[in-house]
Amino acid sequence: MSSTDLNFSVGKRFGDLLLSAQGMTTGDNNTFLKYWYEVKVNEISFNSDYINMTSKWYPMNKGGEYRKWYGNNDYIIWYNQESLELLKTKSGFRHDGKEYYLKESITWSSITSGSLSMRYRPSGSIFSNASREAFNTKINYLNSKNTMLYVLAIMNTKLGDLFLKILNPTINTPTGDIQKVPIIFNQSIDRIVIDFVKDCIGIVSKDWNSFEVSWDFKKHPLI
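Criteria and cut-off values
Numbering of residues begins from 1 in every chain and follows the order in which that chain's sequence is written. Local features in a predicted model are, by the rule used here, given only for residues with pLDDT of at least 70; side-chain atom pairs are given and counted only at 80 or more, and totals for whole chains, interfaces and linings are based on all residues. Heavy atoms from the whole structure form the basis of all side-chain values; hydrogens and water molecules are not counted. Classification of residues uses two cut-offs on accessible area relative to the type maximum, computed with a 1.4 Å probe and protein chains only: under 20% is buried, over 50% is exposed, and between them is partly exposed. We count a stretch as a helix when DSSP gives it H or I for four or more residues in a row; a strand needs E for two or more, and each element gets its number in order from the N terminus. Note on pairing: DSSP must find at least two bridges between two strands before they are called paired. Any pair of Phe, Tyr and Trp rings, taking the six-membered ring for Trp, is counted once the centres come within 6.5 Å. Such a pair is stacked with planes under 30 degrees apart, edge-to-face with planes over 60 apart, and tilted for the rest. Either the NZ atom of lysine or the CZ atom of arginine qualifies as a charge over a ring when it sits within 6 Å of the ring centre and within 35 degrees of the ring normal. An axis is simply a line fitted to the C-alpha atoms; with a helix, the fit covers only the stretch in contact. Between two such axes, the angle follows the N-to-C directions and lies from 0 to 180 degrees.

1. What about the pairing of strand 6 (residues 105-109)?
The element strand 6 is largely enclosed, with a buried count of five among its five residues. Residues Ser105, Thr107 and Ser109 of strand 6 are buried on one face, and the alternating residues Ile106 and Trp108, pointing to the opposite face, are buried as well. Alignment of strand 6 against strand 7 (residues 119-121), held across three bridges, turns out to be antiparallel. Directly across from Ile106, in strand 7, lies its bridge partner Tyr120.

2. Section: unusual backbone geometry
With a phi angle near 60 degrees, Asn72 is a residue other than glycine that sits in the positive phi range. Its location among the elements puts Asn72 in the loop between strand 4 (57-61) and strand 5 (75-78). In this structure Asn72 comes out as buried when scored by relative accessible area, which is 4%. Phi angles above zero are rare outside glycine, and Leu102 is one such case at about 75 degrees.

3. Notes on the packing of aromatic side chains
Summed over all chains, the structure comprises 14 aromatic pairs. Residues Tyr58 and Tyr79 carry aromatic rings whose centres are separated by 6.5 Å and whose planes lie at 80 degrees to one another, so their mutual orientation is edge-to-face. Taken together, the residues span a long stretch of sequence, with Tyr58 in strand 4 and Tyr79 in the loop between strand 5 and helix 3 (81-87) at a distance of 21 residues. Here Tyr58 falls in the buried class, since its relative accessible area comes to 0%. Summarising the aromatic geometry, the rings of Tyr100 and Phe135 are spaced 4.9 Å apart at their centres and angled 20 degrees between planes, so their arrangement reads as stacked. Separated by 35 residues along the polypeptide, Tyr100 in the loop between helix 3 and strand 6 and Phe135 in strand 9 (residues 131-136) bring together distant segments of the chain. The exposure class of Phe135 is buried, given its relative accessible area of 2%. Counting every residue linked through ring pairs, the aromatic cluster contains Tyr35, Trp36, Tyr37, Phe46, Tyr75 and Trp215. Looking at Lys56, its charged tip hangs above the ring of Trp78, at a distance of 5.7 Å from the centre. Directly above the ring of Tyr75 sits Lys62, whose terminal nitrogen or CZ lies 5.1 Å from the centroid.

4. As for the sheet that holds strand 9
Ordered in space as 2-9-6-7, the four strands form an open sheet in which the pairing is antiparallel. Edge strands, defined here as strands with exactly one partner in the open sheet, are strand 2 (18-22) and strand 7. Ignoring which end each strand starts from, the neighbouring axes of this sheet average 30 degrees apart. Here strand 2 pairs with strand 9 via five bridges, running antiparallel.

Here it is as structure tokens:
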């Protein structure tokens, strides 16, 4: 079945509800990207809502492996005035999506070998070209955050994955095809859906934070 065999006129398109973007290409990841535990933790600006050029490192969303709801929070990026001057000398550098840095989003990897998996990303991260992110717009059928969570719920179902495979049967997940996926709001169950998504994010974030790879790690669950 091809995308021309289906009528996606029912409901709203993903792109009508959320604005999608790809992020930065550094041109030299070895210089600018690190795992968060490779530097002094007090040099990382966690949970920021604005870029402070006196800080050195910020969380970086770089896509990652198949994982739904939450996680793959591994990387940081050197991002201040000094690094920007160096970035501009790199032939592959692209400063895409900068107006959306540090904003709350849902995210997915730009390349996947299996099914689509989307995650909730709290505010405070920059994102790379290896990931894609979607952000709230002024058009919201619920409140702004709940619209995002409802879309996340639909996209993490088998139906959302099927629609994307019809639109683009490759390992790539470009924003253009994601934006065409139909989203139907059902007012009789939207509260149930939102609560379900919040529970999923809570369970998976607790799992992610139970191990030392997380910067929010406190203690192992078996202790």
